[in-house]
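Inside the fold
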Amino acid sequence: MNDSYNDNIPLISVVNSDNEDSYNEEEQETIGLNSIKISKDSRRDSIKSNKGRTILIGKKNRTRYAQNVIRNQKYNIITFLPVVLYEQFKFFLNLYFLLVAISQFIPALKIGYLVTYIGPLVFILSVTISKEAYDDLLRKKRDNEENSQKYEILTEDGFKHIPSSKIKVGHLVRIHENQRVPADLLLLRTSNVNGECFIRTDQLDGETDWKLRTALSTTQQLEFDSQLCDYQASVYAEDPHKDIYKFIGTFTSFASDSDSVSTPLNVENTIWANTVLASGTAIGLVIYTGRDTRSVMNTNFPKTKVGKIDWEINRLAKILCIVTFSLALALIAINNFRGIWYISLLRFLIILSSIIPISLRVNLDLGKTYYSYDIMHDKNIPETIVRTSTIPEELGRVEYILSDKTGTLTKNEMELKQIHLGTLSYTTEAMEEIRSNLLMIYENQNEVNMRFKRSKDMANRIKDIVLALAICHNVTPIISEDGKLSYEASSPDEIAIVKWTEEIGMTLIYRDTKKLKLRTPIDTIIEFTILEIFPFTSETKRMGIIVRDDITNEIIFYMKGADSVLSKMVLFNDWLDEECGNMGRKGLRTLVIARKKLTYDVYEEFQKKYDQAKLSVVERNEEMEKVQNTIENDLELLGLTGVEDKLQDNVKPTLELLRNSGIKIWMLTGDKVETASCIAVSSKLVSRNSSIVQFCKIHDLTELKEKLVGLSSMSDSCLVIDGETLQLCLTSCKDLFYETTKNLPAVVCCRCSPTQKADVTKLIKSKINNCVCAIGDGGNDVSMIQSADVGVGIVGKEGKQASLAADFSINQFQFLAPLLLWHGRNSYKRSASLSQFIIHRGLIIAVIQTVFSALYYFAPIALYQGLLLVGYATVFTSGPVFSLVLDKDINFATAMKYPELYKELLKGRSLSFKTFFQWALTSVYQGGIIMTGSILLFEDQFQNIKSITFTALILNELLMVAFEVKTWHKTMILAEVVTLFFYIFSMFYLKTDFDLHFIFTIDFVWKVAAITVVSCLPLYIIKKLKRCISPPKYLRIRD
């Protein structure tokens, strides 16, 4: 697509408001056949109040904005090698071997074949670079596919196709059903006559429910799409920002040179990039492209998580470096620093470099890949996805689990269980009575019967609250081709309530931006005109709607929301707070329902002020809220609803299992204190013997500290703390807060914001040596999940955002137990065993070299060189050693039956300085035995010392692997046998290292066997005796 073609596309001119100097003179800009005069003062006021972009139809775009390209590549041609190499050499192991490899280019330091030291490093780097290059090429390919997708652009000559990368701010783009939106658009027209369309936003906010969007009425009313090219209007759009739920703009249409009509724009008029049009077709004006789109601005690139085991091994590598230097220095010192001692020192450092095994990271990475594969193919946890394959071992050392409530511990499947009218309360069993009362009031609405005045009053109250519930929501009815009615909404609570009204006879059958139709129990249709909607937000915690009854012309303001907010707005009553508490203790989510009848004059005055507030460029939301507050008072309380969120399958046994494994569990939720407390008890997060201590609405720091000190002596209590008090703890006394709560069996944090969830996660991470696991299912859990050592996302009703942001994705909370207690335990123990054995493999050959050098007049000469040295760490031992990743000390059933076994891992005994030094002593003993035994038994064959010691070394390592295995797997046996035969056959090829006539003698065989037995048997006996005297817990359980 050439530039000349782009020039022929009518753009909406973009005036950059960032440059005030460009408005020093009055400007006149031509639009179509007319001209619009925009004064300097109005321009300057707009600039001072809020920078943004002003878009005029009919002029070529002269302002450069971000290109509309998708770029997920990590590298480019220039940065690829430097960045990849930096990522590799920031680890001490690789940096050390880089220095060793470089030293081989210095003649005085060169030892043996150059390939011996450069080959392994080049191989590892080649594998890494190739993998990164391949992954990045795949990313580039996907980017190119996305950027080359064709979209329809409206031009003066009709619709033409251009790739998405050529789309610019000001283009008019037509989107078809199920097509991805390529840029942030202002919705101008849809194929629906009402200007409505639905979009799917699951790739943006993770929510699976369809969202309703509305086109501008002025452009929707145009007869033909082509009229947009000549339409005289300007669009003001605020500067791009990350908030996908907010947008401030103004659409100004010009009827003549002097008259203009301004229409406020909000997020309901936009379609953000990366969403999908779910119905019909739509034409939108491009307002943001590329990196300015909400989608890109909300794309987080979290740092690659590195497991604690990797850093622990990195520390051990530094200790090994010190050991290497100490051995080299000792050899030089014992030789009285003779000759050019510093050259000899460097040569010894190179010769003994096998102490730090370069293959360690490769084996660990391969092990992680296997663990990830094992997790994703486990039939006990189907459809589990590993998104971060670098940290499976961290699942085996989780000390804290921070869990969301709704959708995580509960199913997010709502059912209206109770409705309270002040004097009467109806539960599920009494819903038939509500249905009969509602039917009675509609059947007899024109009759007057004073004998049953009391029952009729109650029926009217039921009718009022049912009508309020059927009207006050953002639910859209969808009728399928087979005539089946379903509902779409962003909140499962609202769908549950609308389904309940349908069950008792009041059915929502039609809804658009202006009209709402209900079918009554007697099959009549009642219609309401929607005058204004006040959407629910996490800040306001309420939702309102103003409607006009088309039959009576009565204007009614309905509102529903949290009791903490509406209790201050409704008329005085003596039951609301008490009943909210009662429902909360039953685990129900409460919703207060209220209304207010408005006179025509009151409504007109309110609407006038509200429309003015909508047009405000500065602090629009605040101005609108001020006007809204003028009618949010003296509301008539209609009733209270209680919605149950069902517990996830097997939540109770799962929580008990995790608690018995030594894991502390906290619940972090945005729900109210009563509901969260009840769910904590019903889910067995809090045991029946534990008391609940509540910290709510504490604003005094001294009082808070006193209560925390008092709580420290109540170790069997569960703390329930609200968001306000939690914030005070996090800002003023977080150390005291942690020290007090660390010994409690459970903590429930209520009314938590996403930021607070992340802050709690970071606080606990900073205080413990083990891991913090965060689990959730919604977009509000993403910050907590990304802040944790291990993030687990559940694919739930709220969408996939948490799942996509997590390290591990599961379908149900109950899968967390096998993920931690089985896979986590196996991964950690296997990696600990594998890493320590590889370190042992490097240490033992270094000890043999040290003894050889000491006996050979301290000369810095390598005993093993070339293919022999390379083969030792690869083909001669790698198979059996790596097969340790298949080892398991117990089976799945035992791991799930005895969660106490997991508690042992939290002590860090599998990989510690103690176990490291035990393996180091083992290496010193075996290396010394192999070298000194060879010299003593083969005193006359010193020229064959290389083949003697190397054969004993290989046999020793194969036996040591066998001693480490707890449960034999057929692959382990195969690896041992194949490796042994391969070593024997390699002797025929490596003739310079092996004298075949000498090797195939009885003398050689029995003496090497004797050396191997002496090096291994005592250690095996000690190990068996230790297990008999003090067997490990897993062995006692297994036996």
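Residues numbered from 1 in each chain as written. Predicted model: local features only at pLDDT ≥ 70, side-chain atom pairs only at ≥ 80, totals over all residues. Heavy atoms only, no water.

The next subject is the sheet that holds strand E20 (residues 425-427). Read from one edge of the open sheet, nine strands run E20-E19-E29-E28-E27-E26-E25-E24-E23, paired in antiparallel fashion. Every interior strand has two partners, whereas the edge strands, E20 and strand E23 (507-511), have only one. Neighbouring strand axes in the sheet, compared pairwise and without regard to direction, differ in orientation by 30° on average. With four bridges joining them, E23 and strand E24 (residues 515-519) adopt antiparallel strand pairing. Residue tyrosine 510 lies in a different strand from E24, and its bridge partner there is lysine 517. (Pairing = 2+ DSSP bridges. Helix = DSSP H or I, 4+ residues; strand = E, 2+ residues; numbered from the N terminus. Axes fitted to C-alpha atoms, helices over the stretch in contact; angles between N-to-C directions.)

For the chain, per-residue confidence averages 83 on the pLDDT scale, and 91% of positions sit at 70 or higher. Considering only residues more than four positions removed or in separate chains, one finds that residues 1-49, a stretch of pLDDT under 50, has 109 contacts. (pLDDT = per-residue confidence, 0-100. Contact = heavy atoms within 4.5 Å.)

Quick look at the layout of surface pockets now. Approximately 1,500 Å³ is the volume attributed to the second largest pocket. Around the second largest pocket sit 39 residues that line it, and Arg909, Thr915, Gln918, Lys1026 and Arg1027 are the ones nearest its centre. Secondary structure elements with two or more residues in the lining of the second largest pocket: helix H26 (816-855), helix H30 (900-905), helix H31 (913-937), helix H32 (945-964), helix H35 (1002-1029) and helix H36 (1033-1038). Top element by residues in the lining of the second largest pocket is H26. It accounts for seven residues. Classifying every residue of the lining of the second largest pocket by side-chain character gives 14 nonpolar, nine polar and 16 charged. (1 Å grid on protein atoms, 1.4 Å probe; cavity = no way out; pocket = protein on both sides within 12 Å on 5 of 7 lines; lining within 4 Å. Points joined across faces, edges and corners; volume = space filled by probe spheres on them. Nonpolar A, V, L, I, M, F, W, Y, C, P; charged D, E, K, R; others polar.)

Glancing now at the packing of aromatic side chains. Within the structure shown, the criterion is met by 27 aromatic pairs. Relative to tyrosine 371, the ring of tyrosine 370 has its centre 6.3 Å away and its plane inclined at 65°; by these criteria the two rings are edge-to-face. Ring centres of phenylalanine 938 and phenylalanine 1004 lie 6.3 Å apart, and the angle between their planes is 55°; on these two criteria the pair is classed as tilted. Remark: phenylalanine 1004 occurs in helix H35 and phenylalanine 938 occurs in the loop between H31 and H32; sequence separation between them is 66 residues. The class of phenylalanine 938 is buried, set by a relative accessible area of 0%. Taken together, the aromatic side chains of Tyr864, Tyr872, Phe876, Phe950, Phe982, Tyr983 and Phe994 make up a single cluster linked through ring pairs. (Phe/Tyr/Trp six-rings, centres within 6.5 Å; stacked < 30°, edge-to-face > 60°. Buried < 20%, exposed > 50% of the residue type's maximum accessible area, 1.4 Å probe, protein only.)

Take the nonpolar core next. Counting residues in each nonpolar core, the largest one holds 122 residues, and the members touching the most others are Ile401, Leu816 and Phe950. The element best represented in this core is H26, accounting for 17 residues. Among the nonpolar cores identified, the runner-up in size contains 45 residues, and Ala459, Ala496, Phe528 and Tyr558 belong to it. (Core = buried A, V, L, I, M, F, W, Y, C linked by side-chain atoms within 4.5 Å.)

Now for the sheet that holds strand E5 (residues 150-155). Strand order in this open sheet of six strands is E6-E5-E7-E16-E8-E14, and the pairing throughout is antiparallel. Lying at the two open borders of the sheet, with one neighbouring strand each, are strand E6 (158-163) and strand E14 (270-271). Across two bridges, the pairing between E5 and strand E7 (residues 172-175) is antiparallel. Paired with glutamate 152 across the strands is arginine 174, a residue of E7.

Our next topic: helix H13 (residues 492-503). Taking 1.5 Å as the rise per residue, H13 with twelve residues should run 16 Å; its terminal C-alpha atoms sit 16 Å apart, in good agreement. All buried positions along H13 are accounted for by Asp493, Glu494, Ile495, Ala496, Ile497, Val498, Trp500 and Thr501. Two residues or fewer after H13 comes glycine 505, characterised by a positive phi angle close to 120°. (Expected span 1.5 Å × (residues − 1).)

With five of six residues buried, E5 lies mostly within the body of the structure. Between the antiparallel neighbours E5 and E6 lie two residues.

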